[in-house]
Amino acid sequence: QVLSDVFNAPVFTIDTANSACLGSAYRAIHGLVAERNVSLADVVKSALEPRLAVTPTPGAEELYRPLLKRYAELEQQVIYNPASSC
């Protein structure tokens with residue numbers, strides 16, 4: 001539920017162990033075939049059918065939007081000036 005609320009998006013799951021790892025593996029495969037113009041949709045077309053797990057809580061976006069903005073700012077500081085984050 002937290003992911004859904006923070007990112008204001010529905011969360012889907014698939015009925016398999018370590019589904020996050022599986023998603024990472026699909027992204028890695030996509031990266032390997034990207035130069036051949038293979039879409040992510042083509043890479044995952046054989047994946048199991050996802051199931052809707054949760055939807056965002058109404059009103060949660062107003063709470064998390066400013067926090068996401070601040071998080072993105074801090075992330076940029078670390079990316080562009082990693083020495084200052086230590």
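Here, the structure is the one placed above.
Calculation rules
Residues numbered from 1 in each chain as written. Predicted model: local features only at pLDDT ≥ 70, side-chain atom pairs only at ≥ 80, totals over all residues. Heavy atoms only, no water. Salt bridge = Lys/Arg side-chain N within 4 Å of Asp/Glu carboxyl O. Helix = DSSP H or I, 4+ residues; strand = E, 2+ residues; numbered from the N terminus. Buried < 20%, exposed > 50% of the residue type's maximum accessible area, 1.4 Å probe, protein only. Lys, Arg positive; Asp, Glu negative; His and termini not counted. Contact = heavy atoms within 4.5 Å.

Asker: Break down the pattern of salt bridges for me, citing the residues and quoting the values.
Answerer: Taken as a whole and assessed by the stated rule, the structure comprises 3 salt bridges. One network of salt bridges, with partners in common, ties together Lys69, Arg70 and Glu73.

Asker: How would you sum up the environment of Phe7? Please name residues and give values.
Answerer: Relative to the helices and strands, Phe7 is located in helix α1 (residues 2-7). Among the residues examined, Phe7 registers a relative accessible area of 54% and is labelled exposed. A sequence separation of 30 residues divides Phe7 from Asn37, and the C-alpha atoms of the two residues are 28 Å apart.

Asker: Describe in detail the side chain of Asp5, supporting the description with residues and values.
Answerer: Looking at the element boundaries, Asp5 is found in helix α1. Arg65 provides the closest opposite charge to the buried, unpaired Asp5, separated from it by 13 Å. When near neighbours in sequence (up to four residues on either side) are disregarded, Asp5 contacts Thr55, Pro56, Thr57, Ala60 and Tyr64.

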